[in-house]
Amino acid sequence: MSGEIAGTTAGHLAGFAAQEAPREQDAGAAGVPRIAYFSMEIALEPAIPTYAGGLGILAGDMLRSAADLGLPMVAVTLAYRGGYFEQRIDDEGRQMETPSAWSPENVLQPVDARTTVSIEGRRVQVCAWRYDVAGIGGHTVPVYLLDTALPENDERDRALTERIYGGDRRYRLAQEVVLGMGGVRLLRALGHTNIGKFHMNEGHSALLTVALFEEQMRERLPESLDFLEELRRLRQRCVFTTHTPIPAGHDAFDRDLVSQVLGEKRTHGLETRGLMPQGRLNMTELALACSHYVNGVAMRHGEVSRAMFPRFAIRSITNGVHARTWTCPPFQELYDRFIPEWRRDNLYLRCVLGVPLHEILKAHAAAKRTLFAAIRAETGVALDESRLTLGFARRAVAYKRAELMLSDPERLKRVVKRSGPLQIIYAGKAHPADEEGKAIIRRVIERASQFDDDVHVLYIPNYDMRWGQLLTSGVDIWVNTPLQPHEASGTSGMKAALNGVPSFSVLDGWWIEGHGEGITGWSIGEDSRGDNRSSELASLYNKLGTVIAPLFYAKPAGFAEVMRGTIAFNGSFFNTHRMLNQYVQNAYGLELLPSLVTESGVAEISLSPGGGRSGG
Ligand SMILES: *Cc1c(COP(=O)(O)O)cnc(C)c1O
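Here, residues in each chain are numbered from 1, in the same order as that chain's written sequence. The predicted nature of this model means local features are confined to residues of pLDDT at least 70 and side-chain atom pairs, given and counted, to a pLDDT of 80 or more, with totals for whole chains, interfaces and linings taken over all residues. Side-chain metrics in this entry use all non-hydrogen atoms of the structure; hydrogen atoms and water are not considered.

A few words on the packing of helix α13 (residues 329-338) against helix α14 (residues 357-379). Lines are fitted to the C-alpha atoms to define the axes, a helix being fitted only along its stretch in contact, and any angle between axes, read from their N-to-C directions, falls within 0 to 180 degrees. Counting from the N terminus, the helices are DSSP H or I runs at least four residues long and the strands are E runs at least two residues long. α14 packs onto α13 with a crossing angle of 155° between their chain directions and a minimal axis gap of 8 Å. Considered as vectors, α13 and α14 are oriented roughly antiparallel to each other. Residue-level contacts link Pro-330, Phe-331, Leu-334, Arg-337 and Phe-338 of α13 to Glu-359, Ile-360, Ala-363, His-364, Ala-366 and Ala-367 of α14. Residues are grouped as follows: Ala, Val, Leu, Ile, Met, Phe, Trp, Tyr, Cys and Pro are nonpolar; Asp, Glu, Lys and Arg are charged; all remaining types, including Gly, are polar. Residue composition of the contact of α13 with α14, grouped by class: 8 nonpolar, 1 polar and 2 charged. Roughly parallel here means an angle under 35 degrees, roughly antiparallel means over 145, roughly perpendicular means 65 to 115, and every remaining angle is called oblique. Here a residue-residue contact requires only that any non-hydrogen atoms of the pair lie within 4.5 Å.

Take the domain arrangement of the protein next. Note that the domain bounds were set by an automatic or database domain assignment. Looking at the assigned domains, one finds that the protein contains domain 1 (10-316) and domain 2 (332-574). Summarising the inter-unit geometry, the C-alpha centres of domain 1 and domain 2 are found 33 Å apart. A quick way to say it: buried area is the sum, across both parts, of accessible area lost when two parts are put together, with a 1.4 Å probe. Of the roughly 2600 Å² buried between domain 1 and domain 2 on both sides combined, carbon and sulfur atoms contribute 60%. Only one rule defines a salt bridge in this text: a Lys or Arg side-chain nitrogen within 4 Å of an Asp or Glu carboxyl oxygen. At the junction of domain 1 and domain 2, the tally comes to 2 salt bridges. Here Glu-97 and Lys-438 are joined by a salt bridge, their closest N and O atoms 3.1 Å apart.

As a further point, take a nonpolar patch on the surface. Nonpolar side chains (Val, Leu, Ile, Met, Phe, Trp, Tyr) within 5 Å and like charges within 9 Å form the patches, drawn only from residues with over 30% relative accessible area and no salt bridge. Throughout, the Shrake-Rupley method with a 1.4 Å probe supplies accessible areas, and for residues the shown protein chains are the sole cover considered. The grouping of Leu-353, Ile-519 and Phe-569 at the surface amounts to a nonpolar patch, some 250 Å² of accessible area in total. Mapping Leu-353 onto the fold places it in the loop between α13 and α14.

For residues besides glycine, phi is generally negative; the peptide bonds are generally trans as well. For the bond running from Gln-484 to Pro-485, omega is -5°, close enough to zero to count as cis. Of note in this structure, Glu-202 is not a glycine but carries a positive phi near 75°. With respect to the helices and strands, the residue Glu-202 is situated in the loop between β9 (195-201) and α6 (208-218). Phi angles above zero are rare outside glycine, and Gln-278 is one such case at about 55°. Topologically, Gln-278 is positioned in the loop between α9 (264-272) and β12 (280-282).

Glancing now at the pattern of salt bridges. Charged atoms that come close allow side chains of opposite charge to pair. Tallied over the full model, the rule gives 42 salt bridges. A salt bridge links Arg-172 to Asp-251; its shortest N-O distance comes to 3.3 Å. Residue Arg-172 is located in helix α5 (residues 169-189), and its partner Asp-251 is located in the loop between β10 (238-241) and β11 (252-254); the two are separated by 79 residues in the primary sequence. Given a relative accessible area of 10%, Asp-251 falls into the buried group. One connected set of salt bridges, linked through shared partners, spans Glu-120, Arg-122, Asp-157 and Arg-170. Residue exposure (1.4 Å probe, protein chains only): buried if accessible area is under 20% of the type maximum, exposed if over 50%, otherwise partly exposed.

Disulfides are defined in this document as cysteine sulfur pairs within 2.5 Å. The tally for this structure, following the rule as stated, stands at 0 disulfides. The thiol sulfur of Cys-290 is not disulfide-bonded, and the nearest other cysteine sulfur, from Cys-238, lies at 6.7 Å. For Cys-290, a relative accessible area of 2% gives the class buried. Of all cysteine sulfurs in the structure, the one in Cys-328 sits closest to Cys-351, which takes part in no disulfide; the separation is 19 Å. Judged by relative accessible area, Cys-351 falls into the partly exposed class, the value being 46%.

Counting 68 residues, the largest nonpolar core has Ile-424 and Tyr-426 as its most contacted members. Top element by residues in this core is helix α20 (residues 533-554). It accounts for 8 residues. Among the domains, domain 1 (10-316) and domain 2 (332-574) are the pair contributing at least three residues each to this core. Excluding anything up to four places from it in sequence, Ile-424 contacts Leu-390, Met-405, Leu-406, Leu-412, Val-455, His-456, Val-457 and Leu-458. Val-124, Leu-212, Ala-287 and Phe-312 belong to the second largest nonpolar core, which has 67 residues in total. What we call a nonpolar core is a set of buried Ala, Val, Leu, Ile, Met, Phe, Trp, Tyr and Cys residues that are connected through their side-chain atoms within 4.5 Å.

A few words now on the environment of Thr-472. Within the secondary structure layout, Thr-472 lies in helix α17 (residues 465-474). A sequence separation of 24 residues divides Thr-472 from Ala-496, and the C-alpha atoms of the two residues are 4.5 Å apart. Aside from chain neighbours lying at most four places away, what touches Thr-472 is Trp-478, Ser-492, Lys-495, Ala-496, Asn-499 and Val-501. N or O atoms within 3.5 Å of each other form a polar contact, as long as, within protein, one can give a hydrogen and the other can take it, and as long as residues adjacent in sequence are counted only when both atoms are side-chain atoms. Separated by 2.7 Å, the side chain of Thr-472 and the backbone oxygen of Gly-468 make a polar contact.

Right, let's get into the pairing of strand β17 (residues 455-460). Counting buried residues in β17 gives 5 out of 6 residues, a clear majority hidden from the surface. Pairing between strands is defined by DSSP: at least two bridges between them are needed. Pairing of strand β16 (residues 422-427) with β17 involves 6 bridges; the strand directions are parallel. The partner of Tyr-426 across the bridge, within β17, is Tyr-459. As for the winding sense of the linkage, the β-α-β connection from β16 through helix α16 (residues 435-448) to β17 is right-handed. If the strands point away from the viewer and the path from the first strand over the helix to the second runs clockwise, then the crossover is right-handed.

Here it is, written out as structure tokens:
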């Protein structure tokens with residue numbers, strides 16, 4: 001097999017340009033060098049609960065764009081038969097968890113290849129389920145969900161693909177063996193021999209480098225082995241995206257555990273090659289050492305990552321969201337009328353500047369009605385459509401500081417008395433093992449009861465893809481209050497932008513790039529790192545009371561102008577079509593961008609407005 005990406009000839013892109021759905025048996029034979037994308041979680045659709053948060057949503061959006069743009073990609077993740085969980089919240093704000101039941105058997109196709117990995121000296125059988133992400137032009141990206149729940153396996157091993165981010169360190173490391181090593185081997189068993197790039201979405205899949213290295217070694221005669229040369233070859237094939245801006249967030253395992261799970265021989269191999277500094281296996285460092293291209297997920301995050309790992313040239317590709325998935329039906333309909341090319345090429349959303357403001361307000365009013373109807377159905381609570389409504393939905397973790405905006409109730413009451421009533425809608429799950437996260441939910445709900453009718457605070461249970469779409473499109477303002485610089489990127493504000501919902505946010509992650517004061521939204525506080533709680537709180541209440549609420553209540557056209565600016569400047573840019581093109585241009589190699597090439601080597605897509613839509 002070729003470890004490198006073959007040169008650009010129209011010939012080897014032809015099979016791809018014909019847009020045939022890839023078949024397992026002939027995936028290698030087609031000769032298209034594919035990109036294999038590995039992620040611990042992927043949000044495929046609401047009915048498949050194999051994701052916990054932003055990382056999985058990003059992975060899903062990346063694949064949706066790859067399918068739309070016709071990129072030759074395959075993806076690997078774990079099947080998580082136990083799902084994540086369904087969240088309910090009682091009157092005291094206690095989170096209750098029930099399993100989110102689903103069966104791969106009911107929604108996915110089994111593949112007829114299998115492989116094995118070695119865990120604690122046991123041979124573990126790995127099978128897989130296939131999900132096809134379908135693109136707008138009919139191209140598909142196959143996703144393989146690895147599964148160890150086979151009767152042949154030891155009971156401990158059967159459970160390895162049950163829980164997402166569950167269990168102890170041993171469980172996590174064993175899962176990462178299944179994902180990284182099992183994933184590479186399963187792709188081979190399926191006939192995917194011609195993979196040009198292996199993309200690790202966060203460090204969880206870094207053990208794929210070990211599987212690839214072992215493949216390379218098997219292809220060489222022992223006497224011709226040159227370790228540095230092999231490492232160079234490996235690095236040429238690997239791309240790594242880091243998502244974690246703080247050292248404690250990186251996955252690392254002690255030597256004893258590594259030896260127990262991977263075996264002493266592999267552990268010793270990693271050690272002698274300098275891949276276990278300080279006697280630990282740090283997945284971020286392993287991925288860094290074995291990749292020729294590494295990036296953070298926003299410009300600031302790249303900077304922060306370089307400071308954390310100064311030996312490595314870490315670049316930035318700012319995250320995006322899949323526009324078609326996260327744009328609500330009323331705005332889809334609006335864009336279809338005025339900017340029909342937006343679905344295929346999100347850059348055209350810039351042209352929304354020519355759409356009349358009343359159309360923007362009308363589409364938003366419809367989205368707000370849809371959200372409020374869903375909330376009424378879920379909770380029985382009727383919200384007021386004429387009121388300024390803020391949204392805050394994200395995983396309940398400490399750095400996101402969900403309760404910040406409620407933390408000075410008297411001041412908030414004064415703001416509201418002066419500038420008009422407020423509705424605040426919260427949502428978000430705490431990880432079942434995260435007591436601090438659960439306490440955040442309790443505190444928000446406790447605070448909520450301290451306000452009278454002028455500040456109506458509501459917590460919607462069970463935040464998931466569906467609520468993500470409803471909330472980011474149906475509120476008037478999207479709020480984010482992370483502790484700088486902990487928000488590597490954040491993506492929910494990008495979903496809001498596609499729906500004309502301006503952000504009101506601390507300057508962190510993507511918002512440093514997306515913020516234009518009074519043009520795309522408003523900042524909370526200054527662009528400075530660290531805990532600036534009191535100045536941020538002052539800025540929050542001050543702008544809410546003197547700028548945002550007065551604009552909303554007294555100057556709807558002025559407010560609509562900001563909505564439109566949000567779409568034009570941020571919707572057109574912070575999407576995964578742009579993001580994926582950046583990966584192609586910077587990380588994968590241009591020869592893997594075949595969407596404009598047909599068998600004759602001529603672009604077949606017409607770029608004239610309204611013409612040349614490629615169906616779907
Ligand atoms: C978009 C989304 C996220 C990620 O949003 P952040 O802004 O990064 O917190 C998490 N969960 C769900 C369900 C989402 O839709």
